[in-house]
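Coordinate inspection notes
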Amino acid sequence: MMTEENRGSRTLTVDIGGSGVKAMVLDEAGNPVTERSRLKTPKPPKPDAIIEAIAHLAAEQGEFERVSVGYPGVVTNGITKTAANLDPDWIGLDLAARLWDRLGKPVRVANDADVQGYGAISGQGIELVITLGTGFGSALFVEGKLVPNLEAGHHRFRKRETYEEQLGRTALKTVGKKRWNSRLKRAIASLEHLFNYDCLYLGGGETKKINFELPANVKIVPNVNGLLGGIALWRD
Ligand code: BGC
């Protein structure tokens, strides 16, 4: 129940994706207190349009005192450094400051896969998180501590192509589910050799297309983790 004591720390958690922008409010313990709302990612996906979409979702979501954002690119100190699946205008933008101005509440921003990872991991051993959506997201955790901005997606995987080129949404549409699944199987084997993880979590909307039996140390996590993980950005 919402009491006066925990009113002070509700977090609006936002996930900026290539196809949708999603938001929901979490209580101090990180539990949802609202229904998730979603808008289509504006086209072209420029900063002003997406910031307005977030403001719209924020108004729908009601009251909150702080904001966490998962952004689909490299983020350092609230600044968005890459924009593989958005618009180049994002590069070098102080998203935390811009949103703080717009929403009037303090904002923290992290890579979307990092946020998804926070919502999924157990905090034990080496845990790798891969997100399969518009892009190919990756996050690495060692005993619960994040190695930020991993960006495995843009590394060479096979046939002179990156993981994202082989397994992103465009590739899925081009080569179809069957070949995409066989590529994913190989990608898992390749990532296991590289990271020797204890557990690999697969998140993102396209996990519903997986049609083979996953190894015992690989788990599919619900997409809502991309929002639930937002609470971790305020854990200090
Ligand atoms: C970006 C990553 C992001 C991933 C999933 C990639 O293109 O470079 O930072 O996590 O897409 O959105």
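Fair warning: this is a prediction, and the values are worked out from it, not measured in the lab. (Residues numbered from 1 in each chain as written. Predicted model: local features only at pLDDT ≥ 70, side-chain atom pairs only at ≥ 80, totals over all residues. Heavy atoms only, no water.)

Some remarks on the domain arrangement of the chain
Defined as follows: Where a domain begins and ends is set by an automatic assignment or by a domain database. In what follows, residue pairs with any heavy atoms lying within 4.5 Å of each other are defined as contacts. Buried area adds together the accessible area that both of two parts lose upon being put together, with accessible area traced by a 1.4 Å probe. Definition used for salt bridges: Asp or Glu carboxyl oxygen within 4 Å of a side-chain nitrogen of Lys or Arg. Going along the chain from the N terminus, every DSSP run of H or I of four or more residues is numbered as a helix, and every run of E of two or more is numbered as a strand. The classification used treats Ala, Val, Leu, Ile, Met, Phe, Trp, Tyr, Cys and Pro as nonpolar, Asp, Glu, Lys and Arg as charged, and all other residues, Gly among them, as polar.
Partitioning the chain into structural domains gives domain 1 (11–115 + 227–234) and domain 2 (122–220). Each of domain 1 and domain 2 has a C-alpha centre, and these two points are 23 Å apart. Counting residues at the interface gives 11 residues for domain 1, matched by 15 residues for domain 2. In total, domain 1 and domain 2 occlude about 860 Å² of area from one another, counting both sides; carbon and sulfur atoms represent 47% of this. Among the residues domain 1 hides against domain 2, the three largest losses belong to Asn85, Ala113 and Asp114. Together they make up 56% of the total. For the pair domain 1 and domain 2, the interface holds zero salt bridges. Elements supplying a minimum of two residues to the side of domain 1 that touches domain 2: β5 (75–76) and α4 (112–118). Residues of the side of domain 1 that touches domain 2, tallied by class, amount to four nonpolar, six polar and one charged.

Things to note about the sheet that holds strand β11 (residues 145–147)
Heads up, the rule is: Note on pairing: DSSP must find at least two bridges between two strands before they are called paired. Axis definition: a line fit to C-alpha positions, over the contact stretch in the case of helices; interaxial angles, taken between N-to-C directions, run 0 to 180 degrees.
Spatial ordering of the open sheet is given by β11-β10-β9-β14-β15, a layout of five strands whose pairing is mixed. The sheet terminates laterally at β11 and β15 (218–220), the two strands that pair on one side only. Direction aside, the axes of adjacent strands within the sheet are offset by 25 degrees on average. In this sheet, β15 lies alongside strand β14 (residues 199–203) in parallel orientation, the contact comprising three bridges. Its bridge partner lying in β15, Leu202 is registered against Ile220. Relative to strand β9 (residues 126–132), helix α6 (residues 169–195) is tilted by about 155 degrees, and along the sheet it contacts β9, β10 (136–142), β14 and β15.

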